[in-house]
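Residue-level structure breakdown
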Amino acid sequence: KQEVTQIPAALSVPEGENLVLNCSFTDSAIYNLQWFRQDPGKGLTSLLLIQSSQREQTSGRLNASLDKSSGRSTLYIAASQPGDSATYLCAVWEGGSNYKLTFGKGTLLTVNP
Amino acid sequence: DAMVIQNPRYQVTQFGKPVTLSCSQTLNHNVMYWYQQKSSQAPKLLFHYYDKDFNNEADTPDNFQSRRPNTSFCFLDIRSPGLGDAAMYLCATSMLGRGYGYTFGSGTRLTVV
């Protein structure tokens, strides 16, 4: 059974700092991995999608990497801003006949002005 | 913009009174999902439709039902809501075989009084 772990559970940083969020998964046979952002009381916004054949994806100040063999992904946020404060969720899709996304519990990020 | 729309954003229902949450999509994705998310927890898959084929998760209570009358719409019916069913309900879509990833709606926050 796939399990996804995110470390740390919470992170507080001053504005402008670069930071890394970690995600690990137990079964490396994944189809893709997706990072989401969730603001309090809101739905999930997709940030980056990495296919199993890819090593990384970039969007603006965000960069996500994937090391399938070791079961790890990282989300790098450059020059953090207070508006980046949110919960960041990592999820893996095993593909095939298994349509389910397996989520980690998320990292609650607070960026202090 | 193509998107996933959930209505209502907030729903208050009485204990035991049936309630229906709705989801529509303009993405023409073939899979639609309903997730339940309780405070500070990872989203939990309740069921999904692949086209018209309904797939229930083994641990989804019988109290939860779903309907997908066409490609664009999917409904979540809670027959007799209990206090423990208060949660954020998230609708998502994906296009199987295309590797597009998941797209989520903004969620419906259900309160049971």
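Residues numbered from 1 in each chain as written. Chains lettered and ligands numbered in written order. Predicted model: local features only at pLDDT ≥ 70, side-chain atom pairs only at ≥ 80, totals over all residues. Heavy atoms only, no water.

Focus: the overall build of chain A
Within chain A, the regular secondary structure consists of zero helices and eleven strands. For chain A, whose C-alpha radius of gyration is 14 Å, the value lies close to the compact-globule estimate of 13 Å for 113 residues. Each principal axis of the C-alpha atoms in chain A carries an extent, and together these give about 45 × 30 × 20 Å. Relative to all contacts within chain A whose residues are 6 or more apart in sequence, the contacts with residues 24 or more apart total 54%. Distance between charge centres in chain A, computed from 9 positive and 9 negative side chains, equals 5 Å. (Helix = DSSP H or I, 4+ residues; strand = E, 2+ residues; numbered from the N terminus. Rg over C-alpha atoms; globule rule 2.2 N^0.38 Å. Contact = heavy atoms within 4.5 Å. Lys, Arg positive; Asp, Glu negative; His and termini not counted. Charge placed at Lys NZ, Arg CZ, Asp CG, Glu CD.)

Focus on the pairing of strand β6 (residues 53-56) of chain B
Residues and elements named next belong to chain B. Sheet topology note: the strand β5 (residues 44-50)/β6 ladder contains four bridges and is antiparallel. Note that in β6 the partner of F47 across the bridge is N56. Linkage of β5 to β6, two consecutive antiparallel strands, is achieved through a turn of two residues, within which D51 is found at a positive phi near 55°. (Pairing = 2+ DSSP bridges.)

Topic: the sheet that holds strand β7 (residues 64-67) of chain B
Residue and element names in this part refer to chain B. Reading across the sheet, the four strands line up as β1-β3-β8-β7 and stay open at both edges, with antiparallel pairing between neighbours. Whereas interior strands pair on both sides, the edge strands pair on one side only; in this sheet they are β1 (4-7) and β7. Averaged over all pairs of adjacent strands, the angle between their axes in this sheet comes to 20°, without regard to strand direction. In terms of strand pairing, β1 meets strand β3 (residues 19-25) through four bridges, oriented antiparallel. Its bridge partner lying in β3, I5 is registered against S24. (Axes fitted to C-alpha atoms, helices over the stretch in contact; angles between N-to-C directions.)

A short note on the sheet that holds strand β6 (residues 56-59) of chain A
Residue and element names in this part refer to chain A. Read across the open sheet, the five strands follow the order β1-β3-β8-β7-β6; overall the sheet is antiparallel. Sheet topology places β1 (4-7) and β6 at the edges, where each strand pairs with a single neighbour. Here the average twist between neighbouring strands, direction ignored, is 15°. Summarising the sheet, strand β3 (residues 19-25) and strand β8 (residues 72-77) pair through six bridges and their orientation is antiparallel. Bridging from a neighbouring strand, V20 pairs with Y76 of β8.

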